[in-house]
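# Descriptive structure summary
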Amino acid sequence: NSLPNATFFITFRSMHMWWKSLKAWPPSEPIRKMNNILRNINITGLPEGKGRDLREMSEWFCWHVERVRDLLDNSGGNGDRNQYLVEVDIE
């Protein structure tokens, strides 16, 4: 393991506010908004073309959070590793 003593952070906010933010960022780019960029790149668990609306993106994000939690076990008890997950509500 390349990160035997690591702390990982994952941020949360309401899905509605997150989706609104994805559709508006970056403010100076009228065409290439973050929601479109995410939909068209290779992200684990988000098939290309998925993420067209709040429901699809919310399903992916919830899956992603569960995957991260499972990977890190959030207990610090990962055998001889000391990896921790800190979950932060940014609202």
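As the structure is a prediction and not an experimental result, all values here were calculated from the model.

### Considering the pattern of salt bridges
- If you walk through the whole model with that rule in mind, you get 6 salt bridges.
- Between arginine 13 and glutamate 91 there is a salt bridge, with its nearest N and O atoms 3.5 Å apart. Pair noted here: arginine 13 is in the loop between β1 (7-12) and α1 (15-24) and glutamate 91 is in the segment after β2 (84-89), with a separation of 78 residues, a long-range link.
- By relative accessible area, which is 28% here, arginine 13 ends up partly exposed.
- Between glutamate 56 and lysine 50 there is a salt bridge; the shortest N-O distance is 3.8 Å.
- Of the residues examined, glutamate 56 reaches a relative accessible area of 14% and is grouped as buried.
- Residues joined in a network through salt bridges with shared partners are Lys50, Arg55, Glu56 and Glu59.

### Details of the packing of aromatic side chains
- Counted by the stated rule, this structure contains 3 aromatic pairs.
- Seen from their ring centres, tryptophan 18 and phenylalanine 61 are 5.0 Å apart, and the 45° between their planes marks the pair as tilted. Placement of tryptophan 18 in helix α1 and of phenylalanine 61 in helix α3 (residues 54-72) is noted, with a sequence separation of 43 residues between them. Neither tryptophan 18 nor phenylalanine 61 differs from the other in exposure class; each is buried.
- Here a set of aromatic residues connected by ring pairs shows up, and it is made of Phe12, Trp18, Trp60 and Phe61.

The rules behind the values
Residues numbered from 1 in each chain as written. Predicted model: local features only at pLDDT ≥ 70, side-chain atom pairs only at ≥ 80, totals over all residues. Heavy atoms only, no water. Salt bridge = Lys/Arg side-chain N within 4 Å of Asp/Glu carboxyl O. Helix = DSSP H or I, 4+ residues; strand = E, 2+ residues; numbered from the N terminus. Buried < 20%, exposed > 50% of the residue type's maximum accessible area, 1.4 Å probe, protein only. Phe/Tyr/Trp six-rings, centres within 6.5 Å; stacked < 30°, edge-to-face > 60°.

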